[in-house]
Amino acid sequence: MRFLLGLLFAFAVAAVVGLGATFLVLTRGTAFGAVTIGAWTAWPKTGTSDIDPYARALIARTGELPIGSGDGVAFFARSDDVGRGLHGQCDVTISGTTPQARFWTIALYDTQGGLVGNALKRQGFTSQEVVRKSNGSFEIKVAPRARPGNWLPSGGVEQYILVLRLYDSPAGLASRARREAPMPSITIGDCP
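For every chain, the first residue of the written sequence is number 1, and numbering continues from 1 along that sequence. With the structure being a predicted model, the display of local features is reserved for residues of pLDDT at least 70 and the display and counting of side-chain atom pairs for 80 or more, all residues being used for whole-chain, interface and lining totals. With hydrogens and water set aside, each side-chain value is computed from the structure's full complement of heavy atoms.

1. As for the state of the cysteines
Here is the rule we go by: When the sulfur atoms of two cysteines come within 2.5 Å, that pair is taken as a disulfide. Secondary structure elements are taken from DSSP: a helix is a run of H or I of four residues or more, a strand is a run of E of two residues or more, and numbering for both begins at the N terminus.
For the coordinates displayed, the defined rule picks out 1 disulfide. At a sulfur-sulfur separation of 1.9 Å, the disulfide partner of Cys-90 is Cys-191. Because the sign of the S-S torsion sets the handedness, a value of about 120° for the bond joining Cys-90 and Cys-191 places this disulfide among the right-handed ones. Placement of Cys-90 in the loop between strand E3 (72-77) and strand E4 (92-96) and of Cys-191 in the segment after strand E10 (185-188) is noted, with a sequence separation of 101 residues between them.

Structure, rendered in structure tokens:
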């Protein structure tokens, strides 16, 4: 009898720990196989057959279609370069260059995975429409009010996520060192 109760208790603890860990991974994101360069994080194996079970479950839950490894890689940023969260009331500057890619996009998403809504219906830029400096770098301002140059309206949302997708980039890009794959810097300026 004592053995049976011990066995049931062990199964209950295992179920709570296993299901709890799975719930946390599926609701807060997964860190398995992540590659981080500055504030940007990518999961390069998500679009391959080497995807981990938690990422597979997250994709099944959200219904998102990941970029295949032969097509490119997506980098996500939830904070600036020093770890402060991205807030829609603050002025945020994304500046620098991107790693080599035939085409790239950068867009604002809310924490639920939808595009950030605003009156101008502008949620992002592409590599072909962003205005660049003479040295090839760019500067994009994310702010609730209009700014000169490349401006993305934040819509005043409480929090948002920046997603930089690099298409037709060299294989192995996500595993390179920061000096080989320069990512744009993210800095927070004025906040009310």
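Further notes follow.
2. Considering the pattern of salt bridges
Threshold: Salt bridges are counted wherever a side-chain nitrogen of Lys or Arg sits within 4 Å of a carboxyl oxygen of Asp or Glu. For every residue, the accessible area obtained with a 1.4 Å probe (protein chains only) is divided by the maximum for its type, and the residue is called buried under 20%, exposed over 50%, and partly exposed between those limits.
Taken as a whole, this structure holds 4 salt bridges when the rule is applied. Here Arg-84 and Asp-80 are joined by a salt bridge, their closest N and O atoms 2.8 Å apart. Judged by its relative accessible area of 44%, Arg-84 falls in the partly exposed class. Arg-102 is paired through a salt bridge with Asp-168; the nearest N and O atoms lie 2.4 Å apart. Residue Arg-102 is located in the loop between E4 and strand E5 (103-109), and its partner Asp-168 is located in the loop between strand E9 (161-167) and E10; the two are separated by 66 residues in the primary sequence. A relative accessible area of 67% places Arg-102 in the exposed class.

3. A look at the environment of Gly-38
Inspection of the secondary structure assignment puts Gly-38 in the loop between strand E1 (35-37) and strand E2 (40-42). Taking the relative accessible area as the measure of exposure, Gly-38 reaches 49% and is therefore partly exposed. With 45 residues separating them along the chain, Gly-38 and Gly-83 place their C-alpha atoms 9.6 Å apart.

4. What about the sheet that holds strand E8 (residues 150-153)?
Which entries qualify depends on this criterion: Only when DSSP finds a minimum of two bridges between them are two strands counted as paired. Think of each axis as a best-fit line through the C-alpha atoms, taken over the contacting stretch in the case of a helix, with angles from 0 to 180 degrees between the N-to-C directions.
Here we have 4 strands laid out as an open sheet, ordered E8-E7-E4-E10, and mixed in their pairing. Two strands close off the open sheet at either side, each with one partner strand: E8 and E10. Adjacent strand axes in the sheet meet at a mean angle of 20° when their direction is disregarded. In this sheet, E10 lies alongside E4 in antiparallel orientation, the contact comprising 4 bridges. Residue pairing across strands places Ile-94 opposite Ile-186, the latter belonging to E10.

5. Describing the nonpolar core
Across soluble globular proteins, you tend to see nonpolar side chains buried next to one another. So the rule is basically this: Remark: nonpolar core denotes a set of buried residues (Ala, Val, Leu, Ile, Met, Phe, Trp, Tyr, Cys) joined through side-chain atoms within 4.5 Å. Between two residues, a contact is recorded if the distance between any of their heavy atoms is within 4.5 Å.
Trp-40, Phe-75 and Leu-162 are the most contacted members of the largest nonpolar core, which has 30 residues in total. Leu-162 has contacts with Trp-40, Phe-75, Phe-76, Ala-77, Leu-86, Ile-94, Ala-107, Leu-108 and Ile-186, leaving out every residue within four places of it along the chain.

6. A word on unusual backbone geometry
Phi is positive for Lys-121, close to 60°, though the residue is something other than glycine. Within the fold, Lys-121 resides in the loop between E5 and strand E6 (124-126).

7. Quick word on the environment of Gly-113
Position of Gly-113 among the secondary structure elements: in the loop between E5 and E6. As for Gly-113 and Glu-64, which are separated by 49 residues in sequence, their C-alpha atoms are 9.3 Å apart.

8. Focus on a nonpolar patch on the surface
Our working rule: Note on patches: the residues involved have over 30% relative accessible area and no salt bridge, like charges join within 9 Å, and the nonpolar side chains Val, Leu, Ile, Met, Phe, Trp and Tyr join within 5 Å. Accessible surface is estimated by sampling points in the Shrake-Rupley manner with a 1.4 Å probe; for residues, cover comes only from the protein chains shown.
Side chains of Met-1, Phe-3, Leu-4, Leu-5, Leu-7, Leu-8 and Phe-11 sit close together on the surface and give an oily, nonpolar patch of about 830 Å² of accessible area. Relative to the helices and strands, Phe-3 is located in helix H1 (residues 2-28). Looking at Phe-3, the relative accessible area reads 67%, which means it is exposed.

9. With respect to the packing of aromatic side chains
Put simply, the test is: Aromatic pairing here means that ring centres of Phe, Tyr or Trp (its six-membered ring) are within 6.5 Å. Orientation follows from the plane angle: under 30 degrees is stacked, over 60 is edge-to-face, and everything else is tilted.
Overall, the coordinates contain 2 aromatic pairs when judged by the stated rule. A centroid spacing of 6.1 Å and a plane angle of 40° characterise the contact between Phe-103 and Tyr-167, whose relative ring orientation is tilted. Here Phe-103 is found in strand E5, whereas its partner Tyr-167 is found in strand E9, with 64 residues between them in sequence. Of the residues examined, Tyr-167 reaches a relative accessible area of 28% and is grouped as partly exposed.

10. A word on the side chain of Asp-80
Our working definition: Any pair of N or O atoms that falls within 3.5 Å is considered a polar contact. Within protein, one atom must be able to donate a hydrogen and the other to accept it, and sequence-neighbouring residues count only if both atoms are side-chain atoms.
Mapped onto the elements of the fold, Asp-80 is located in the loop between E3 and E4. Given the relative accessible area of 2%, Asp-80 is considered buried. Engagement of the side chain of Asp-80 in a polar contact is seen with the backbone nitrogen of Gly-83, the distance being 3.0 Å. Among the polar contacts made by the side chain of Asp-80, one reaches the main-chain amide nitrogen of Arg-84 at a distance of 2.7 Å.

Nothing here speaks to function; it is all geometry.
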